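# Structural features, examined
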Amino acid sequence: MGRADIWIAAGRRSTLSSSWQPARQWRKALNVIRTCHRLARLGILSTGVVLPRSASYVAIKIHHDSDSDASYGATFSVAADDDSFKGLVKDKRDDCFRRQGGGAGIAAALASGAERGIRGDDGDVRRRRQAFGENTYPRPKPKSFLAHVWDALGDVFLIVLLVCAAVSLGFGIKEHGLKDGWYDGVSIFLAVFLVAAVSAISNHGQAKRFHKLASESGNIAVTVVRAARRQEVSIFEIVVGDVVVLKIGDSVPADGVFLEGHGLQVDESSMTGEPHPVEIDAEKSPFLTAGVKIIDGYGRMLVTAVGTDTLWGEMMSSITKETTQPTPLQERLERLTSSIGKIGVAVAVLVFTVLTARHFTGSTKDDQGKPLFDKAHVTFDKVFSALVAIFQQAVTIIVVAIPEGLPLAVTLTLAFSMKRMVKENALVRRLSACETMGSVTAICTDKTGTLTLNQMKVTEFWVGTEQPRAATAVAGTVVSLLCQGAGINTTGSVYKPDNVSPPEISGSPTEKALLSWAVADLGMDANELKRSCKVLHVEAFNSDKKRSGVMIRDNATGSVIAHWKGAAEMVLANCSMYVDTDGATHELGVEQRKNLEKVINDMAVGSLRCIAFAYKQLDSEQAKIDDEGLTLLGFVGLKDPCRPEVKAAIEACTKAGVAVKMVTGDNILTARAIAKECGIISSNDPNGIVIEGHEFRAMSPEQQLEIVDNIRVMARSLPMDKLVLVQRLKQKGHVVAVTGDGTNDAPALKEADVGLSMGVQGTEVAKESSDIIILNDNFDTVVTATRWGRCVFNNIQKFIQFQLTVNVAALVINFVSAITTGKMPLTTVQLLWVNLIMDTMGALALATDTPTKTLMDRPPIGRTAPLISNAMWRNLMAQALFQIAVLLALQYRGRHVFGTDDKTNGTMIFNAFVLCQVFNEFNAREIEKKNVFAGVLKNRMFLAIIAVTLALQVLMVEVLTRFAGTKRLGLGQWGVCLAIAAVSWPIGWAVKFIPVPDRTLHQIFTRQKSSS
């Protein structure tokens, strides 16, 4: 007999207190019936055919909106500014909770309900925000641009230069008058401010980027019930009255009270400091504070306070100080900067001493060959002015010598990498993780959702030892019990908005697959099922037992039944009976158990996850769900295909010297099948070990250390097995990355050098324990993060090579020239311009390169790998010696060779020096490879910096002659400068044919001493 359902919805009333008028509802029903009769008569009149009666009928359900939406009124019966209500959870006011009628009473007062939640439309949400506030708190704003300028000007040597500039300005105006005397002083002022401004612009941009990424990492998804439908919303969109669904691993998003649930336990140590779990229930402890973690059970809570009205919000809003810690690489670079700075100070002191001695002994001469210091006419002003000028040049050498761009380059490359990694589904929570990923030698990864698609589907179904073709071939009693086992013993949900639309199923991939199968194949009606039973006790899924249980009472018969669902071999071990397709119960003998174990193994070999359903009829309600002497209902096999790109990703890891180890809770046969499919184990790896967790646990630490390198797969593992595995790998000297998604993975994530949590299936506890969040749960993204980690270190090395070349060349040229001629070839403004090129501009050009595939062709970067490799020393010394030789030759012989005056020759030295750095930036792009132009057209930032540098250099030489102390050059002179600079390319290519040892000089000398 067919049936068609027609829903009649009455209009909503404007107030909560309006009474239902049955007469109006029946009138609507009668109108529908009359309409149906009239349509039938019209059909008879038009066709002349009497419509035959059929066995089908129409069921009219009168659905009054006010029944289900009684909580959807426009007003709240609790005042938003009621201090007693606002402090309900914060102050744990049990008297107020009882006075309001408990969770249900407070829900009604907030126009909400445990089952349907709030209405949730835009108007309702907006009204709640206006009344009770938003779920946000004031965050510390990043520094303003002017603050970054002030920080840049806070450098002690720049301050000294500014003082020198002020003195130079004063003496210049006094000696030459205001019209001609202000140029030198003002030029230095402008150059210093230009250096500070460019540095501030870069730092300000990176600070804003870090702030944005920090905001993104705090934007977590929360499951709420609105209009009876489960949906995920941002934590910032939570409003007072929302019903939040909580499960293990969740972080409570706002203050609220317990509505319903089972076995809910929270960790309040983040708020109280007490490590003991707290049980939450409606009677003794109904309060849930924002920020606490769910460690067991599940339930629903009603939000009563958000944002700064919560204790967590108060705490976070009071934190206004930024606590960005320097990364290990930044600390190493700070030490390198300090060491180079000391050398620069020593050279500057020598230059100051030599220049002062030469000046006051009359050895320093002007353009006409006359001594600059006239012993016959000595005045205080002349002596002081000369000392200030010499001191100014010496300080400028220090400014150029100190590679302040190194920390900036780290910040730039980290900010750039973080931004690009987010686009590639890796959200970095801790800066140091970016660097450490480049040193990773072992990755311990989960299987489900990381190596596989996490798109589970039931592909096999067994009842006892039989495999029915369809659910219709199974007895109704067995189907009913299976529906209870799948539909009630679950943390998922089924929502069916009407009889036409398909059901909306939510939950974990496993729960969604089981519920979809129960609805589609078993014909389960989730709403009817919930109405027919009462849940008495729940035992949430436990990673140790790997099963979940529920105790229910059938409302029709009053019988009490315990249902268990979980890993097939675990559930089967507790079964003593089984049912067949006819519903008959049989004893589970040795032969039958072997047959069932073979079914499980066959599924596992086919890479299926096997889930068993079992039940037990109980005499009465018990305090604990009985899990002994169960009756097996059946098995289902869930297929979760491998990700298509994962095999190539694992091959890339192997080639890069990174060992991949799969740690899973699945059956060892399933794990082995998936590992083979992914390429983790192969016939070419005879030493690879596939082991179960209990075997690994039974070993001594020494035995574990012996085999840990060869472990490829650990099946049926517990969270503590993963933690011990990480510890043993670290003891063997590995840099370990770990993926995890569960609350129990938190210890392993924290213990690992880099913890990677899953963004889709990962719990909030796992995410907070991790360093990087993999937003798409894909192993390929882990490999991408590794590639970016190597890229960070590689970019820093490129910049170090480039900057040290400039440092060495500038220090030697100025020192030799000062000793031999008593003059420095480059003026203060010119040196500051060179400093700008090699610091900020160089960092922007070289620290923003994207990773290449070749980065995964080399072994991991050692944890203590030297910042300056032997190949870098070879490259930078070759370029520095070339620049020193050419520029000193120009200094001594340029005037005679090219027939120029001193100013033109000085301009050519300055121009050639700058152009050498521009050409050398191309050389610095590759440390080992000879082709330095590969992929250069893809790096728009690099090309833009080169173009801007060249344009500004032309401006400095041809336009700002007085500011820069230059003289305009002819085309021939420009050609000479470009030709000199271009020679650096063939030198850079040729020098890479010179082999260098992999070990550092320190390691070589240490080994020689030990051998002798």
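Shown above is the structure to which this text applies.
The following refers to the structure shown. Just so we're clear, the structure is a prediction, and the values are computed from it rather than from any experiment. (Residues numbered from 1 in each chain as written. Predicted model: local features only at pLDDT ≥ 70, side-chain atom pairs only at ≥ 80, totals over all residues. Heavy atoms only, no water.)

### Some details on the overall build of the chain
Spelled out, the test is: Strands are runs of DSSP state E lasting at least 2 residues, helices are runs of H or I lasting at least 4, and numbering of each runs from the N terminus. When checking whether two residues touch, look at their non-hydrogen atoms; a contact exists if any pair is within 4.5 Å. Note on areas: Shrake-Rupley, 1.4 Å probe, and residue coverage restricted to the protein chains presented here.
Broken down by element type, the chain carries 36 helices and 27 strands. A separation of at least 24 residues holds for 74% of the contacts in the chain among residues at least 6 apart in sequence. If you sum the accessible surface of the chain, you get close to 45900 Å²; carbon and sulfur atoms cover 57% of it.

### So, the sheet that holds strand β27 (residues 772-774)
The cut-off we apply is this: Whether two strands pair depends on DSSP finding at least two bridges between them. Between N-to-C directions, angles span 0 to 180 degrees; the directions come from axes that are lines fitted to C-alpha atoms, helices contributing only their stretch in contact.
Overall, mixed pairing links the eight strands, which are arranged β10-β27-β26-β25-β11-β22-β24-β23 in an open sheet. Each edge of the open sheet is held by one strand with a lone partner, namely β10 (426-428) and β23 (689-692). Geometrically, the sheet is characterised by an average inter-axis angle of 20 degrees between neighbouring strands, direction not taken into account. Relative to strand β24 (residues 711-715), β23 runs parallel, the two sharing four bridges. Looking at the pairing, Ile689 lines up with Ile711 of β24. Set on the sheet, helix α28 (residues 779-821) makes contact with β10, β11 (442-445), β22 (659-663), β25 (736-740), β26 (754-758) and β27; between it and β11 the angle comes to about 155 degrees.

### A short note on the environment of Asp242
We apply this condition: Residue exposure (1.4 Å probe, protein chains only): buried if accessible area is under 20% of the type maximum, exposed if over 50%, otherwise partly exposed. As used in this structure description, the phrase polar contact means that two N or O atoms lie within 3.5 Å; if the pair is within protein, one of them must be able to donate a hydrogen and the other to accept it, and residues adjacent in sequence are counted only when both atoms belong to side chains.
The topology assignment puts Asp242 in the loop between β4 (229-234) and β5 (243-246). According to the relative accessible area criterion, Asp242 is buried, its value standing at 0%. Spatially, the C-alpha atom of Asp242 lies 9.7 Å from that of Arg116, the residues being 126 residues apart in sequence. Not counting residues up to four positions away in its chain, the partners in contact with Asp242 are Ile118, Val224, Arg226, Glu237, Met301, Leu302 and Val303. At 3.0 Å, the side chain of Asp242 forms a polar contact with the backbone nitrogen of Val239.

### Observations concerning the packing of helix α30 (residues 870-898) against helix α31 (residues 902-923)
In a pair of packed helices, the angle between the axes and the distance between the axes together describe the arrangement. Selection rule: These descriptions rest on fixed angle ranges, namely under 35 degrees for roughly parallel, over 145 for roughly antiparallel, 65 to 115 for roughly perpendicular, and the rest for oblique. For any pair of crossing helices, the crossing counts as left-handed if the nearer helix is rotated counterclockwise from the farther one by less than a right angle, and right-handed if it is rotated clockwise. Amino acids are sorted into nonpolar (Ala, Val, Leu, Ile, Met, Phe, Trp, Tyr, Cys and Pro), charged (Asp, Glu, Lys and Arg) and polar (every other residue, Gly among them).
The geometry of α30 relative to α31 is characterised by a closest axis approach of 10 Å and an angle of 155 degrees between their N-to-C directions. Taken as axis vectors, α30 and α31 run roughly antiparallel relative to one another. Relative to α31, the crossing made by α30 is right-handed. Contact residues: α30 offers Gln879, Phe882, Gln883, Leu887, Leu890, Gln891, Gly894, Arg895 and Phe898, while α31 offers Asp902, Asn905, Met908, Ile909, Ala912, Phe913, Cys916, Gln917, Asn920 and Asn923. Within the contact of α30 with α31, the residues separate by chemical class into nine nonpolar, eight polar and two charged.

### A look at the packing of aromatic side chains
Note the cut-off: Any two of the Phe, Tyr and Trp rings considered here, Trp counted by its six-membered ring, make a pair once their centres fall within 6.5 Å; the pair's planes then place it as stacked at under 30 degrees, edge-to-face at over 60, or tilted in between. Only Lys NZ and Arg CZ are tested; either one counts as a charge over a ring when it is within 6 Å of the ring centre and within 35 degrees of the ring normal.
Going through the model one piece at a time under the given rule, you end up with ten aromatic pairs. Geometrically, the ring pair formed by Trp989 and Phe993 is edge-to-face, given 5.0 Å between the ring centres and 80 degrees between the ring planes. Among the aromatic residues, those joined into a ring-pair cluster are Phe919, Phe922, Phe933, Phe942 and Trp985. The ring of Phe942 carries the charged tip of Arg925 above its face, separated from the ring centre by 5.5 Å.

### Here's the deal with the pattern of salt bridges
Quick reminder of the rule: Should a side-chain nitrogen of Lys or Arg be within 4 Å of a carboxyl oxygen of Asp or Glu, the pair is scored as a salt bridge.
Enumeration according to the criterion identifies 31 salt bridges in this entry. Close ionic contact of Arg98 with Asp94 constitutes a salt bridge, the shortest N to O distance being 3.3 Å. Separated by four residues within a single helix, Arg98 and Asp94 lie in helix α4 (residues 94-99), roughly one turn from each other. Overall, the relative accessible area of 35% leaves Arg98 in the partly exposed class. Since its relative accessible area comes to 31%, Asp94 is described here as partly exposed. One salt bridge connects Arg716 with Glu569, and the closest N-O pair in it is separated by 2.4 Å. Here Glu569 lies in helix α19 (residues 568-572) and Arg716 lies in the loop between β24 and α25 (719-731), a separation of 147 residues in the sequence. According to the relative accessible area criterion, Arg716 is buried, its value standing at 11%.

### Considerations on a positive patch on the surface
Heads up, the condition is: Like charges within 9 Å and nonpolar side chains (Val, Leu, Ile, Met, Phe, Trp, Tyr) within 5 Å are joined into patches, using only residues over 30% in relative accessible area that form no salt bridge. None of His or the chain ends enter the tally, which takes Lys and Arg as positive and Asp and Glu as negative. Positions of charges follow a simple convention, taking NZ of Lys, CZ of Arg, CG of Asp or CD of Glu.
Residues Lys212, Lys419, Arg420 and Lys423 make up a contiguous surface patch of positive charge. With three residues, the single largest contributor to the positive patch is helix α14 (residues 405-423). Looking at where Arg420 falls in the secondary structure, it is placed in helix α14. With a relative accessible area of 30%, Arg420 lands in the partly exposed category.

### What to know about the pairing of strand β20 (residues 608-618)
Within β20, nine of the eleven residues are buried, leaving the element largely enclosed by the surrounding structure. Here strand β17 (residues 560-567) runs beside β20; their pairing, made up of eight bridges, is antiparallel. What sits directly across from Gly566, in β20, is Ala612. Two elements, β20 and strand β21 (residues 630-639), share eight bridges in a ladder whose sense is antiparallel. Paired with Ala614 across the bridge in β21 is Leu632.

### Examining the side chain of Gln891
With respect to the helices, strands and loops of the structure, Gln891 is situated in helix α30. Accessibility expressed as a relative area gives 13% for Gln891, which makes it buried.

### Topic: the environment of Thr353
Mapping Thr353 onto the fold places it in helix α12 (residues 328-360). The exposure class of Thr353 is partly exposed, given its relative accessible area of 46%. Within the structure, the side chain of Thr353 is placed 2.7 Å from the backbone oxygen of Val349, a separation counted as a polar contact.

### Concerning a nonpolar patch on the surface
A grouping of Val948, Leu952, Leu955, Val959 and Leu960 is seen on the molecular surface, where their side chains present a nonpolar patch of about 360 Å² in accessible area. For Leu955, the position within the fold is in helix α32 (residues 940-958). Judged by its relative accessible area of 36%, Leu955 is partly exposed.

### A closer look at unusual backbone geometry
Of note, Lys92 is a non-glycine position whose phi angle comes to about 50 degrees, a positive value. Take Lys92: it is sitting in the loop between α3 (83-86) and α4. On the basis of relative accessibility, which here comes to 41%, the residue Lys92 falls in the partly exposed class. Despite not being glycine, Arg716 shows a phi value in the positive range, around 45 degrees.

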